[in-house]
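Observations on the three-dimensional arrangement
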Amino acid sequence: MQMPAAYEVAPDDFGEGHHTTTGLSNTKLGMWAFLGSECLLFGGLISTYMLYRGRVAAGPGPEDVFDIPFTSISSFVLLMSSLTMVLAVVSIAQGDLKRFRTWVLTTAFLGAVFVSGQAYEFTVFYREGLGFTTSLFSSSFYVLTGFHGVHVTFGIMMLLALFGLSLRGRLGVGQAETVEIVGLYWHFVDIVWIVIFTVVYLIPA
Amino acid sequence: MAIVEQDRPAGPLALPAGDGEHREREPLGVFSRPVHARGWRSWLFTVDHKRIGIMYGAAALFFLILGGVPALLIRAQLAGPNGTVLTADQYNQVMTMHGTVMIFLVVMPIGACFINYLVPLQIGARDVAFPRLNALSFWTFLFGGLFLNLSWILGGAPDGGWFSYAPNTGVVFSPTHGMDFWALTIIITGIASSVGAVNLIVTMLNMRAPGMSLMRMPIFTWMALVTQFLLLFAIPVLTVAAFLLFFDRRFGANFFDVSQGADPLLWQHLFWIFGHPEVYLMILPAFGIVSEVLPVFARKPLFGYPFVVFSGVAIAFMGFGVWAHHMFASGLGPVSVAAFALATMFIAVPTGVKIINWVATMWGGRLKFDPAMLFAIALVLQFTLGGLSGVTHAIAPADTQQTDTYYIVAHFHYVLFGGALFGFVAGWYFWWPKVFGYKLNRTLGLVHFWWMVIGFNLTFGFMHILGLQGMPRRIYTYADGMGWNLWNMVSTAGAFILATSFIVFFVNIFVSRKHKTHEVDPWDARSIEWMTSSPPPAHNFDEIPVVHHLDEFWYRKYAEDDDGQLVQIATGDEVYRKELAQAEQDHAAEHMHMPSVSYWPIVFSAGLPLVGLGMIFNLGLAVLGGLVSLVALFGWVLEPSVAPEDSHGPAPASEEEAVSVG
Ligand code: HEM
Ligand SMILES: [Cu+2]
């Protein structure tokens, strides 16, 4: 492994700047592996939901509580955030820090709108009698969508961290890949939501 | 250079310890990277994969005691009819903790011990891809294990078996906090394994030495790669199951409450989708070790290397498809049972391929019976037995008879103990001189070997008979006159012999450690981890070797003469010296930089058991734990990736070179 005399080392990425065997950077490959593992996590949760979605006991069922237009809008908001994420990646790659900051903040904002929508939805459902323990359907619904919500929240934190780093001058063209990798995570969480939205809200039990 | 091996004679390339002269350059006091080259703190905050590997091994040996004492209690209780050593309730706890500790805190971590230590060396890398994450994996595993054992003193250990079948593990049947501890431990150690899997997969795919294609990768590393993929995909499913169980128990959800309409098989499916690959991810590292040890001591190359590789991959793929063979007795319906039975038969094929390869490797070789070799041979024999009794489970009707008898207990101990653990011990004898610079004493090793083999076969061999005689497992005592007395007595005696064999091992370590030789290549080995000093320097290789062959190191020592006869052209030591000279000529040390130690991995991990305790007893603690981990995350992100003086070996030439992204 011949190393160039001077190069930058991304935080903890030991191979960065070095030649890697696959040509992908370590962090990017790591993110792909992590997302592969996340597929199984959501796979388990979605299967559980599918198994239990008809089991509403005496409580309200999906058709009693779901407000499809509302959730469609918040899903659309989340989808749009993937677009703004792409724009953020493009801006940082071009070295346009100002535009990058705008788009990163927009993405985080859209994500926050989605999470708030989810929180609002949960309270409404709760008032309509769908508690966490009401039925198998309610438990699996809250766990599945809740886990997703936590993932989005985590993503928002990463986006804000990127914003903070850019303010401190620690994010430039050289670190465009970091943004790209956060973007990968963000898109993944979006795609998972599309699956969840379809399975939970659109396909009748 | 933060980490300097104390034992290593300071060669021409030893890097300076760098004790913090450059600290004043750090903008954020606490976030500067610490520099502890020596003393206990250098271990606590280390990010060196070799030290982390050693710590995994030490921690696992510690947990081996915490899992072994319960095993001996079980056997003491069952030594004769109407045992009174344990009450039924205590028996449940002891049995559950034995299984859980052995699997999650002994066998898996010993696998991690070898993988962490060896993989970067075998592929010619300086460390893993993410050294700090590696430390995080270790500490998270360790704290998770300690957290589990806290349950003994905080209201009772888990009592639902290592498989924790719900609904038996719901609050109704298991009202103590034991199962809460169990579920949270699974989640915490799951984090450790998943993070480790990501890290090691990236390391193996991305950081191989020049010329090391996948088919030139040492077989142990191959098996490690397969293992990490199994972990990556199996752990999340178990995590989901553990979360659901925990929500049931603490927050009144009812995922496993059949009276609420829950599906009684949900737990079993989720658990065994994880559980079957788990079996293979415990055994594959041991397979890898055996496949390294046998060729060296048979002085022949591994027979059919590609077959050994592909059968490992095949086992992994199929391992995900056959989980339901653990559920034949649960009423799946005839079609699924037949399908899973067939699939299970097929998985015996790649396993059989491996055994054939090992036997063929030894065939016609000039065998050297050192302890490492003997343990490896014992693995092959005992694992084959375990595999054969496993095949009888694949026959669904036979399985319904054998399920939940001691036949099963015998079977899986032949696989896990006779397979995995024997392989690990073989690996310890084999790599010990590389890791610590001294060989373990051969005579004591032989005593250890025979003691362990005899104890093992006495303990578990006759359990087959007990099982066929109908003795059920998970019973805390049995009546006189069932015809089980004799074999139970034998088995208990065997267990104590087995336990003492480990004392011989510890004595051996203690006795041998004075005779340091620092031999580079004590066994005439084949793969490149033997090409560096013993113990290796913190940066692993003074010059990263360029790889032209599988068994690169061997090809540097041997060649064919004009008549096709094998001749030795160099000793291992000469090869090493040549690399050393080359490194000096290339000024290799000037291009080298190693990450320095870090506080944050251990701080982050310390928050997790606090969160766990908080979830069980008092939310305040959970908040505190969460804060600890959060602060650690901040520190982590803000911490410069390398301390300035570490950026490029000796003194940094210029500012730009020295200060990295931070
Ligand atoms: C001194 C060595 C050992 C002895 C004497 C021993 C003994 C036993 C016995 C008697 C049982 C049956 C408990 C029951 O079903 O009632 C058992 C269960 C078990 N053992 Fe071991 N064992 C030993 C080592 C190991 C090792 C190295 C492993 C490694 C994975 C292991 C894994 C298990 C597991 C998974 C169970 C099942 C526990 C459960 O059903 O929850 N054992 N052991
Ligand atoms: Cu299985």
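Residues numbered from 1 in each chain as written. Chains lettered and ligands numbered in written order. Predicted model: local features only at pLDDT ≥ 70, side-chain atom pairs only at ≥ 80, totals over all residues. Heavy atoms only, no water.

For the rest of this paragraph, the subject is the overall build of chain B. Along its length, chain B carries 19 helices and 2 strands. Across its three principal directions, the C-alpha atoms of chain B cover 75 × 70 × 45 Å. A buried classification covers 63% of the 662 residues belonging to chain B. Of all intrachain contacts in chain B linking residues separated by at least 6 positions in sequence, the fraction that spans at least 24 positions is 80%. In the structure as shown, chain B presents an accessible area of about 23,300 Å², 69% of it carried by carbon and sulfur atoms. Of note, chain B has its 33 positive side-chain charges centred 5 Å away from the centre of its 44 negative side-chain charges. (Helix = DSSP H or I, 4+ residues; strand = E, 2+ residues; numbered from the N terminus. Buried < 20%, exposed > 50% of the residue type's maximum accessible area, 1.4 Å probe, protein only. Contact = heavy atoms within 4.5 Å. Areas by Shrake-Rupley, 256 points an atom, 1.4 Å probe, with all protein chains shown as cover. Lys, Arg positive; Asp, Glu negative; His and termini not counted. Charge placed at Lys NZ, Arg CZ, Asp CG, Glu CD.)

Moving on: the overall build of chain A. Along the backbone of chain A there are 6 helices and 0 strands. Reading chain A from its N end, one meets helices and strands in the order α-α-α-α-α-α. Its C-alpha atoms give chain A principal-axis dimensions of roughly 70 × 35 × 20 Å. Counting only residues that meet the buried cut, chain A has 53% of its 205 residues in that class.

Further remarks concern the site of ligand 1. Residue and element names in this part refer to chain B. Residues in close proximity to ligand 1 total 26 residues, the closest being Y91, H98, W162, H413 and R473. H413 places a side-chain nitrogen or oxygen 2.7 Å from a nitrogen atom of ligand 1. The backbone of R474 places a nitrogen or oxygen atom 3.0 Å from an oxygen atom of ligand 1. Contributions of two or more residues to the shell around ligand 1 are made by α2 (49-78), α3 (88-123), α12 (406-436), α13 (442-468) and α14 (485-512). Here the residues of the shell around ligand 1 are counted per class, giving 18 nonpolar, 5 polar and 3 charged. (Near = heavy atom within 4 Å. Polar contact = N/O pair within 3.5 Å; in protein donor to acceptor, adjacent residues only side chain to side chain. Nonpolar A, V, L, I, M, F, W, Y, C, P; charged D, E, K, R; others polar.)

With that settled, consider unusual backbone geometry. Residue and element names in this part refer to chain B. With an omega dihedral of 5°, the bond running from A166 to P167 counts as a cis peptide bond. For P167, the location among the structural elements is in the loop between α4 (131-150) and α5 (178-206). Between S534 and P535 the backbone carries a cis peptide bond, its omega angle lying at -10°. Here P535 shows up in the loop between α14 and α15 (552-557).

With that settled, consider a negative patch on the surface. On the surface, A:E63, A:D64, A:D67 and A:E128 cluster together to form a negatively charged patch. Mapped onto the elements, A:E63 comes out in helix α2 (residues 62-65). (Patch = residues over 30% accessible without salt bridge, like charges linked within 9 Å, V, L, I, M, F, W, Y side chains within 5 Å. Salt bridge = Lys/Arg side-chain N within 4 Å of Asp/Glu carboxyl O.)

Moving on: the coordination of the copper ion (ligand 2). Residue and element names in this part refer to chain B. For the copper ion (ligand 2), the protein coordination sphere consists of H276 (ND1), H325 (NE2) and H326 (NE2), at 1.6 to 1.9 Å. Along the chain, the residues that donate to the copper ion (ligand 2) are spaced as H-x48-H-H. Placement of H276 in helix α7 (residues 266-298) and of H325 in the loop between α8 (305-319) and α9 (334-362) is noted, with a sequence separation of 49 residues between them. Considered together, H276 and H325 belong to a single accessibility category, that of buried residues. (Donors = N, O, S within 2.8 Å, 3.2 Å for Na, K, Ca; no water.)

Below, the discussion takes up the confidence of the model for chain A. Of the residues in chain A, 90% have a pLDDT of 70 or more, and the chain-wide mean is 88. Segment residues 1-17 of chain A is flagged for pLDDT under 50; beyond a separation of four residues in sequence, or across chains, it makes 56 contacts in the model. (pLDDT = per-residue confidence, 0-100.)

Now for the confidence of the model for chain B. Residue and element names in this part refer to chain B. In this model, chain B carries an average pLDDT of 87, and 92% of its residues clear a pLDDT of 70 or more. Taken together, the stretch residues 1-27 has pLDDT below 50 and engages in 72 contacts with residues farther than four places along the chain or on a different chain. Predicted confidence is poor over residues 643-662, with pLDDT under 50, and the contacts of this stretch with residues over four places away or in other chains come to 59 contacts.

With that out of the way, let us pick up empty space enclosed by the protein. Residues and elements named next belong to chain B. As enumerated under the stated definition, the model contains 6 cavities of 30 Å³ or more in all. What lines the largest cavity is a set of 30 residues, and nearest its centre among them are M108, P109, A112, S193 and L231. Mapped by element, the contributors of at least two residues to the lining of the largest cavity are α3, α4, α5, α6 (219-251) and α7. Classifying every residue of the lining of the largest cavity gives 19 nonpolar, 11 polar and no charged. In this structure, the second largest cavity spans a volume of roughly 60 Å³. M531, T532, F541, D542, E543, Y576, E579 and L580 together form the lining of the second largest cavity. For the lining of the second largest cavity, the class distribution of residues is 4 nonpolar, 1 polar and 3 charged. (1 Å grid on protein atoms, 1.4 Å probe; cavity = no way out; pocket = protein on both sides within 12 Å on 5 of 7 lines; lining within 4 Å. Points joined across faces, edges and corners; volume = space filled by probe spheres on them.)

All names here are of chain B. Inspection of the secondary structure puts N149 in helix α4. With a relative accessible area of 12%, N149 lands in the buried category. Once residues within four sequence positions are removed from consideration, N149 is found in contact with F63, L66, M97, V101 and L105.

Pairing between side chains of opposite charge can happen when the charged atoms of each approach one another. Residue and element names in this part refer to chain B. Here the structure, examined in full by the defined rule, presents 14 salt bridges over all chains. Between R132 and E639 there is a salt bridge whose closest N-O contact spans 2.6 Å. Within this pair, whereas R132 is found in helix α4, its partner E639 is found in the loop between α18 (619-638) and α19 (655-658), the two being separated by 507 residues in sequence. The burial state of R132 is the same as that of E639; both residues are buried. The closest approach of N and O atoms between D180 and R250, which form a salt bridge, is 3.9 Å. Taken together, the positions of D180 in helix α5 and R250 in helix α6 put the pair 70 residues apart, joining distant regions of the chain. For R250, a relative accessible area of 31% corresponds to the partly exposed category. A single salt-bridge network, built from bridges that share partners, covers D180, R249 and R250.

Glancing now at the coordination of the iron atom of ligand 1. Any two of four tetrahedral donors ideally make an angle of 109.5 degrees at the metal, while pairs among six octahedral donors ideally make 90 or 180 degrees. Residues and elements named next belong to chain B. The protein atoms that coordinate the iron atom of ligand 1 are H98 (NE2) and H413 (NE2), at distances spanning 2.0 Å. Each of the 6 donor atoms bound to the iron atom of ligand 1 contributes to angles spanning 85 to 179°, and the resulting shape is octahedral. With H98 in helix α3 and H413 in helix α12, this residue pair connects regions lying 315 residues apart in the sequence. On the basis of relative accessible area, H98 is assigned to the buried category, the value being 15%. (Tetrahedral: all angles 85-135°; square planar, octahedral: opposite > 155°, others 65-115°.)

Attention now moves to the packing of aromatic side chains. Two numbers describe a pair of aromatic rings. These are the distance of the centres and the angle of the planes. Overall, the coordinates contain 79 aromatic pairs over all chains when judged by the stated rule. A ring pair is formed by A:F66 and A:F141, whose centres lie 5.4 Å apart and whose planes are at 45°; its orientation type is tilted. Residue A:F66 is located in the loop between α2 and α3 (68-93), and its partner A:F141 is located in helix α5 (residues 136-167); the two are separated by 75 residues in the primary sequence. Side by side, A:F66 and A:F141 carry an identical accessibility label, which is buried. Ring centres of B:F62 and B:F63 lie 5.4 Å apart, and the angle between their planes is 55°; on these two criteria the pair is classed as tilted. Classification of B:F63 as buried rests on a relative accessible area of 0%. Looking at B:K514, its charged tip hangs above the ring of B:F510, at a distance of 5.8 Å from the centre. Seen from the ring of B:W554, B:R526 lies directly overhead, with NZ or CZ sitting 4.8 Å from the centre. (Phe/Tyr/Trp six-rings, centres within 6.5 Å; stacked < 30°, edge-to-face > 60°. Lys NZ or Arg CZ within 6 Å of the ring centre and 35° of its normal.)

Attention now goes to the packing of α7(B) against α12(B). All names here are of chain B. Contact geometry for α7 and α12: axes closest at 8 Å, N-to-C directions at 45°. If you check the angle between α7 and α12, you find them oblique. Crossing angle aside, the handedness with which α7 passes α12 is left-handed. Mapping the contact onto sequence places M282, I283, P285, A286, I289, E292, V293, V296 and F297 in α7 and V415, L416, G419, A420, G423, F424, A426, G427, F430 and W431 in α12. Grouping the constituent residues of the contact of α7 with α12 by class yields 15 nonpolar, 3 polar and 1 charged. (Axes fitted to C-alpha atoms, helices over the stretch in contact; angles between N-to-C directions. Parallel < 35°, antiparallel > 145°, perpendicular 65-115°, else oblique. Left-handed = near helix turned anticlockwise from the far one by under 90°.)

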